[in-house]
Structure formats: structure tokens, C-alpha cells
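Secondary and tertiary structure notes
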Amino acid sequence: MRGTALAAAAMAGVLALAGCAKDSGGGSTNNTAASSGGSDCVTAQKPPAAPAAASSSTAAGEKVDGSKLKIGLAFDVGGRGDASFNDAAAAGTDKAKSELGVTTVSESTASASEAESAKQQRLDQMAASGLNPIIAVGFAYAKSVEAVAGKYPNTKFAIVDDDSIKLPNVTSLVFAEEQGSFLAGVAAAYKSKNCHIGFVGGVNTPLIQKFEAGFLQGAKTVSNKIKIEDEYLTPAGDFSGFQDPPKGNAKAAAEIAKGADVIYHAAGASGKGVFDAAKAGNALAIGVDSDQYNQKTVEADKDVIITSMLKRVDVAVFDYVQAVAKGDLSGLPKRFDLKVDGVGYATSGGKVDDIKDVLDGYKAQIISGAITVSDKPQK
């Protein structure tokens, strides 16, 4: 992407891979595994090296005053302390406190079985008390955000993981989860000794299917021999799947018993059970949303966490708050994807350092469009 010589060198490798990887995600049957970290499972050729990272385009040293903002943060099931999705959102407002001078953040958490009316009441109370902006963490708030935002046109709202609301005072913060999960699938295939990996989703919804889709495609892109266990904890509508570590443990343990030795979860707080099962079963695990290697609530299992698919809810929340403080929302991306570092992968612990060039190579191909990642699972 930078430099004519670099682009020419990279394009030759891209063309070789694109035919089999662009749409189907299948790995080549004739290529050999990359020497860097690859196991006998890997059958695809090592991707071309990623170009040098572009320098940041953000204005250096820009000072934004957020001291007048009073933020309402409505958490999804699990709340602050889930070591995943909600904690990422909390990190965004924590950063707004330290960097923008925000002094007021009022937090409230949804329960697993609460009625829609409870969500609406939570947001209504925040708006009535003068909180502005109000950030709803999770697609489950969509109906309530639409109802309450319509009543309070002078209050700004943001909702994470939903773009269905077409009101002028509502901003959608959505992500390309499938792109980051593709890299998780690549990492799993490279690190699997059995050529057998697993996915554990929290709740079977279109959103979590995006994580599943990218993971399956990434693994199949680098290996035509890979075997994948693929399970959900609860069906759509039953959000307890995001807050049931024992069920996560049982599902992951069952996958490990079948031979899977690397498990990727997209299950919120239930991921703690997945990590416990991986440690007990001498398997490896991949976290989600936050850099879970560094999360205190799963610290006992950090030795089995090789990476995490980073969904930068923290970045989206902070950028949104900063934009509100500036009085200009026009600069926010329509979707937080690999290109804007809205998703990615963690390197804490050094457990994927040996395949970082591989992961960055695939990341570059996705950004360039040489590989298109599906948001629908292809089984």
C-alpha cells in the first residue's frame, strides 16, 4: 500500500492466493505451510508481507474539553467486570475521564432476563436526569433507544452493534467482527497440533454469527485439513448465554474431548468457563473483545490465552465521546474495521509473535480487498 516496489511484490502473492481465498475462504491444496509457526495442519502458502504501517492521521496534541459532558453508560448483560464486551466500553469512558476531563459517568447494567420495559426505563431515567450523551452497549437496546431517543431529541444517543435506528440524535457504533475473527481462525489453525479447533458462541444471533463466520473462513483459508467444532450456548432470545461460565465450561470441555485443542469464544462473561476448560484440558484458547490475557477476572487462565480478537469498543466509545465534546460527529467511521483499527488481534504474552508476519499479511489482504470476509457462516 506504500511504495511502488512493495506493492508490486505484494501483488504477486495476493494474486496467487486470491483465487481460492477471496470468496470461499478455502485454502490451497498445493501449497506448503509457512515455516514461521506453522504446523502440519497448515496447507496454504504464507501470505505476502504486510507493508509498513501508515502513520496516524489524527491531529497530534489536539485538546478537547469534555468536562461539561455527563455520560450515561447502559451496559449489556454482565456489566463492568465481564472481562469482555462491557469492560471494553467502560475502558472508553474511563479514557474520556482521564484525557477529556469528563467527570460524570453514570453506569447501569441489564439483567439476563429483564423485559424490554426495563431497558426503556433505564434509558428514560438517564435522559430525564440530564445525562448527555447516553451510550447503550449492545444491540439488545435497539428498540428502547429508538423509543427514548424519539422522546428526547436534544439528547445524543449512541448504540453499540446496531445500525437500524434512523433518528438524527442516534449514532451507530458498529464493527467488522468477521474481519478480526478471520485472523483468530488463522491463529487457531497455525497453533493447533491436532488440526482440530473449536468455536463457542454465547447466543445464536446474527451478530455472533459474524464472529463464527470469520473464524471458520480464516481457519479454512490456511488449512484444507482443519476440523472445526462449532457450538452455541443458547438460542436467539436467551441472553443468558453471555453470562453462564459453567455452560461455557461444559461446551468447551465437550469440544476438547472430541479433539479440539484451540478454542475461540465469543460468549461474553461465559468465556471464563471456556478458559477454565481449556486449561483443564491442556488446550489453548482465544479471547474476544478485550485483550483477555490482561484481564484480572480471567488471570488464572492467562497461560492458555494465545491471543484475543480485539473489538475496539473502547476506541469507538472514546471517539464518540470526543466527537460529542467537539460538537462534530462527521468524522466517525461508518464501521470500525481493520482499516481503522476497529478490530484486530492481541499480542500480549508473546504467544503469536512467531506468526505475526502471517497474521499481518492476511490483515493487509483484507484491507486491500484481496480477501473478502463473509459475515455469514459458510459451513
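This text follows the structure it describes.
Presented here is a report on the structure given in the accompanying data block. Small disclaimer: the values here were computed from a predicted structure and weren't measured.

Thoughts on the packing of helix α2 (residues 85-100) against helix α9 (residues 313-326)
Between α2 and α9, whose axes approach to 7 Å, the crossing angle comes to 40 degrees. By the angle class used here, α2 and α9 are oblique. Judged by the sense of rotation from one axis to the other, the crossing of α2 with α9 is right-handed. Where α2 abuts α9, its residues Phe85, Ala88, Ala89, Ala91, Gly92, Thr93, Lys95, Ala96, Glu99 and Leu100 lie against Val313, Asp314, Val317, Phe318, Val321 and Gln322. Taken together, the residues that form the contact of α2 with α9 break down as ten nonpolar, three polar and three charged.

Regarding the environment of Ile263
Relative to the helices and strands, Ile263 is located in strand β8 (residues 262-266). Sequence separation between Ile263 and Gly287 is 24 residues, and the spatial gap between their C-alpha atoms is 8.8 Å. Contacts of Ile263, omitting those with residues within four sequence positions, involve Gly198, Val200, Ala252, Glu255, Ile256, Val274, Leu284, Ala285 and Ile286.

So, the sheet that holds strand β4 (residues 157-160)
Strand order in the open sheet made by the five strands is β2-β1-β3-β4-β5, with parallel pairing throughout. Looking along the sheet, the strands with just one partner apiece sit at the ends: β2 (104-109) and β5 (170-173). Taking the axes of each pair of neighbouring strands and ignoring which way they run, one obtains an average angle of 15 degrees across the sheet. Relative to β2, strand β1 (residues 70-75) runs parallel, the two sharing six bridges. The residue bridging Ala74 from the neighbouring strand is Ser108, located in β2. Sheet strands in contact with helix α3 (residues 116-128) are β1, β2, β3 (134-137) and β4, and its direction is about 175 degrees off that of β1. Sheet contacts for α9: β1, β3, β4 and β5; angle to β5, the most-contacted strand, approximately 155 degrees.

Remarks on the side chain of Thr307
By the secondary structure assignment, Thr307 is in strand β10 (residues 305-311). The buried category is assigned to Thr307, whose relative accessible area is 6%.

Focus: the nonpolar core
Of all hydrophobic cores here, the largest spans 71 residues; its most connected members are Phe211, Tyr264, Val321 and Tyr362. In contact with Val321, other than residues within four places in its own chain, are Leu69, Ile71, Ala96, Leu100, Val102 and Ile135. By size, the runner-up hydrophobic cluster in this structure holds 18 residues, among which are Ala252, Ile256, Val274 and Val298.

Describing the sheet that holds strand β9 (residues 284-289)
If you walk across this open sheet you meet the six strands as β7-β6-β8-β9-β10-β11, and the pairing is mixed. With one partner strand each, in any of the chains shown, β7 (227-234) and β11 (343-345) form the two edges of the open sheet. The average angle at which neighbouring strand axes cross in this sheet is 15 degrees, direction not considered. The pairing of strand β6 (residues 196-203) with β7 spans seven bridges and is classified as parallel. Paired with Gly198 across the bridge in β7 is Glu229.

A short note on the state of the cysteines
Following the criterion strictly, the structure yields one disulfide and no others. Two residues, Cys41 and Cys195, share a disulfide whose sulfurs are 2.1 Å apart. Taking the sign of the S-S torsion, about 60 degrees here, the bridge from Cys41 to Cys195 comes out right-handed. Placement of Cys41 in the loop between α1 (4-21) and β1 and of Cys195 in the loop between α5 (177-191) and β6 is noted, with a sequence separation of 154 residues between them.

Overview of the packing of aromatic side chains
Taken as a whole and assessed by the stated rule, the structure comprises seven aromatic pairs. Measuring from centroid to centroid gives 5.9 Å for Phe199 and Tyr232, while their planes differ by 75 degrees, and the two rings are edge-to-face. With Phe199 in strand β6 and Tyr232 in strand β7, this residue pair connects regions lying 33 residues apart in the sequence. For the pair Phe199 and Tyr232, a shared accessibility class is recorded, and that class is buried.

Re the pairing of β10
The element β10 is largely enclosed, with a buried count of seven among its seven residues. Looking at chain direction, β9 and β10 are connected through five bridges and run parallel. Residue pairing across strands places Val288 opposite Met309, the latter belonging to β10. Where β10 meets β11, three bridges bridge the pair, whose relative direction is antiparallel. Of the residues in β11, the one forming a bridge with Met309 is Tyr345.

Digging into the pattern of salt bridges
As enumerated under the stated definition, the model contains 19 salt bridges in all. A salt bridge links Asp94 to Arg80; the shortest N-O distance between them is 3.1 Å. Of this pair, Asp94 sits in helix α2 while Arg80 sits in the loop between β1 and α2, and the two are 14 residues apart along the sequence. By relative accessible area, which is 40% here, Arg80 ends up partly exposed. A salt bridge links Arg312 to Asp314; its shortest N-O distance comes to 3.1 Å. When salt bridges that share partners are traced, they join Asp161, Glu177, Glu178, Lys210, Lys311 and Arg335 into one network.

Brief notes about the packing of helix α7 (residues 245-257) against helix α8 (residues 271-280)
Between α7 and α8, the least distance of the axes is 6 Å, while the angle of their chain directions is 40 degrees. Crossing angle aside, the handedness with which α7 passes α8 is right-handed. Residues Pro245, Gly248, Asn249, Ala252, Ala253 and Ile256 of α7 lie in contact with α8, whose contacting residues are Lys272, Gly273, Val274, Asp276, Ala277 and Ala278. Across the contact of α7 with α8, the residue classes break down as seven nonpolar, three polar and two charged.

Rules used in this analysis
- Residues numbered from 1 in each chain as written.
- Predicted model: local features only at pLDDT ≥ 70, side-chain atom pairs only at ≥ 80, totals over all residues.
- Heavy atoms only, no water.
- Axes fitted to C-alpha atoms, helices over the stretch in contact; angles between N-to-C directions.
- Helix = DSSP H or I, 4+ residues; strand = E, 2+ residues; numbered from the N terminus.
- Parallel < 35°, antiparallel > 145°, perpendicular 65-115°, else oblique.
- Left-handed = near helix turned anticlockwise from the far one by under 90°.
- Contact = heavy atoms within 4.5 Å.
- Nonpolar A, V, L, I, M, F, W, Y, C, P; charged D, E, K, R; others polar.
- Pairing = 2+ DSSP bridges.
- Buried < 20%, exposed > 50% of the residue type's maximum accessible area, 1.4 Å probe, protein only.
- Core = buried A, V, L, I, M, F, W, Y, C linked by side-chain atoms within 4.5 Å.
- Disulfide = S-S within 2.5 Å.
- Phe/Tyr/Trp six-rings, centres within 6.5 Å; stacked < 30°, edge-to-face > 60°.
- Salt bridge = Lys/Arg side-chain N within 4 Å of Asp/Glu carboxyl O.

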